Amino acid sequence: MDIKRLQQQMGFIIEIDKLKNVLRQTHITGEDRQENDAEHSWHLAVMALLLDEYANEKGIDTLHVIKMLLIHDLVEIDAGDTFAYDEKGYEDKEEREEQAAERIFSILPDDQADMIYALWREFEERETPEARFAAALDRLHPMLLNFATEGVAWKKHNIIKEQVMMRNETIAEGSETLWEYAQAVIEDAVESGYLKE
């Protein structure tokens, strides 16, 4: 047994527990509290398992999608969660997240650090069918929770329909079907008074 390797892996496992402390703007259903990044990542992984049949590209590698979704927000341990509609926060988001990736992933043995970094970059670049589908789920999920919580985060930040449409239109790159569904959810949200026109 390579004790140094095992210690690095265990160190990483403990480090990523901090993801549970990174709060998102989205609220969970049934309770008056914000969702954390770990809950978000878990929910996306389940969505990938259930919804992969709606990916634009048939025969995508669902396990690969799940791997990306499980690690895509780990950088937010250091970089924090940038609210989807925070234009100022996006100015240095890429730089903050790259620095976080270097620190956090370097806890692992080199081969696994390289693998995790490659998955994270693939998700960020959205150039593969798997990454586009993963990104589609990442956009769809908070919208579904906003609808299910009667627009709590949308109302808090005075978000309007046009912003939600523009933010989420990239869902179509991974799944035209899920984008059609998302548009119907947005219309229902407006009609229900959860989202301003």
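A quick note: this is a predicted structure, and the numbers were derived from the prediction, not measured. (Residues numbered from 1 in each chain as written. Predicted model: local features only at pLDDT ≥ 70, side-chain atom pairs only at ≥ 80, totals over all residues. Heavy atoms only, no water.)

1. Description of the overall build of the protein chain
Item 1. Check the secondary structure of the protein chain and you find twelve helices and two strands.
Item 2. In sequence order, the secondary structure elements of the protein chain are arranged as α-β-β-α-α-α-α-α-α-α-α-α-α-α.
Item 3. Relative to its length of 197 residues, the protein chain is compact, with a C-alpha radius of gyration of 17 Å against a globular reference of 16 Å.
Item 4. The dimensions of the protein chain, computed from C-alpha atoms along their principal axes, are 60 × 35 × 30 Å. (Helix = DSSP H or I, 4+ residues; strand = E, 2+ residues; numbered from the N terminus. Rg over C-alpha atoms; globule rule 2.2 N^0.38 Å.)

2. Let's talk about unusual backbone geometry
Item 1. You will see that glutamate 150, though not glycine, has its phi angle at about 60 degrees, which is positive.
Item 2. Of the residues examined, glutamate 150 reaches a relative accessible area of 46% and is grouped as partly exposed.
Item 3. With a phi close to 55 degrees, asparagine 158 is a non-glycine residue in the positive phi region.
Item 4. Mapped onto the fold, asparagine 158 is located in the loop between helix H9 (152-156) and helix H10 (161-168).
Item 5. Given a relative accessible area of 49%, asparagine 158 falls into the partly exposed group. (Buried < 20%, exposed > 50% of the residue type's maximum accessible area, 1.4 Å probe, protein only.)

3. Considering the pairing of strand E1 (residues 23-27)
Item 1. Two elements, E1 and strand E2 (residues 34-36), share two bridges in a ladder whose sense is antiparallel. For histidine 27, the partnering residue across the bridge sits in E2 and is glutamine 34.
Item 2. Here E1 folds back onto E2, and the loop between the two strands holds six residues, one of which, glycine 30, carries a positive phi near 80 degrees. (Pairing = 2+ DSSP bridges.)

4. A closer look at helix H3 (residues 62-71)
Item 1. Restricting attention to buried positions, one finds in H3 the residues Thr62, Val65, Ile66, Met68, Leu69 and Ile71.
Item 2. Looking at where H3 begins, the residue whose side-chain oxygen comes 3.2 Å from the main-chain nitrogen of leucine 63 is aspartate 61. (Polar contact = N/O pair within 3.5 Å; in protein donor to acceptor, adjacent residues only side chain to side chain.)

5. What about helix H8 (residues 129-148)?
Item 1. The terminal C-alpha atoms of H8 lie 28 Å apart, and with 20 residues this matches the ideal 28 Å at 1.5 Å per residue to within 8%.
Item 2. Most of H8 sits out of view: 16 of its 20 residues are buried.
Item 3. Phi for glutamate 150, located one or two positions after H8, is positive at around 60 degrees. (Expected span 1.5 Å × (residues − 1).)

6. Describing the nonpolar core
The nonpolar side chains of a soluble globular protein tend to be buried with one another.
Item 1. Leu69, Phe105, Phe133, Leu137, Trp154 and Leu195 are the most contacted members of the largest nonpolar core, which totals 50 residues.
Item 2. Within the residue set of this core, elements represented by two or more residues are helix H2 (37-51), H3, helix H4 (76-79), helix H6 (93-105), helix H7 (110-125), H8, helix H11 (171-174) and helix H12 (176-192).
Item 3. Per element, the largest residue contribution to this core is eight residues, and it comes from H8.
Item 4. In contact with leucine 137, not counting residues within four places along its chain, are Leu44, Met47, Ala48, Leu51, Leu69 and Leu178. (Core = buried A, V, L, I, M, F, W, Y, C linked by side-chain atoms within 4.5 Å. Contact = heavy atoms within 4.5 Å.)

7. Digging into the pattern of salt bridges
Item 1. For the structure on display, the rule yields 17 salt bridges.
Item 2. The partner of aspartate 111 in a salt bridge is arginine 5, with the nearest N and O atoms 2.8 Å apart. Remark: arginine 5 occurs in helix H1 (residues 3-15) and aspartate 111 occurs in helix H7; sequence separation between them is 106 residues.
Item 3. Given the relative accessible area of 44%, aspartate 111 is considered partly exposed.
Item 4. The partly exposed category is assigned to arginine 5, whose relative accessible area is 26%.
Item 5. Taking the shortest distance from any N to any O, the salt bridge between lysine 93 and glutamate 97 comes out at 3.3 Å. Separated by four residues within a single helix, lysine 93 and glutamate 97 lie in helix H6, roughly one turn from each other.
Item 6. Overall, the relative accessible area of 3% leaves glutamate 97 in the buried class.
Item 7. Residues participating in the shared-partner salt-bridge network are Arg24, Glu35, Asp37, Asp73 and Asp81. (Salt bridge = Lys/Arg side-chain N within 4 Å of Asp/Glu carboxyl O.)

8. Quick word on a nonpolar patch on the surface
Item 1. A surface patch of nonpolar side chains, amounting to about 320 Å² of accessible area, comprises Met10, Ile13 and Ile14.
Item 2. Within the secondary structure layout, methionine 10 lies in helix H1. (Patch = residues over 30% accessible without salt bridge, like charges linked within 9 Å, V, L, I, M, F, W, Y side chains within 5 Å. Areas by Shrake-Rupley, 256 points an atom, 1.4 Å probe, with all protein chains shown as cover.)

9. Some thoughts on the side chain of aspartate 37
Item 1. Considering the arrangement of structural elements, one finds aspartate 37 in helix H2.
Item 2. The class of aspartate 37 is buried, set by a relative accessible area of 0%.

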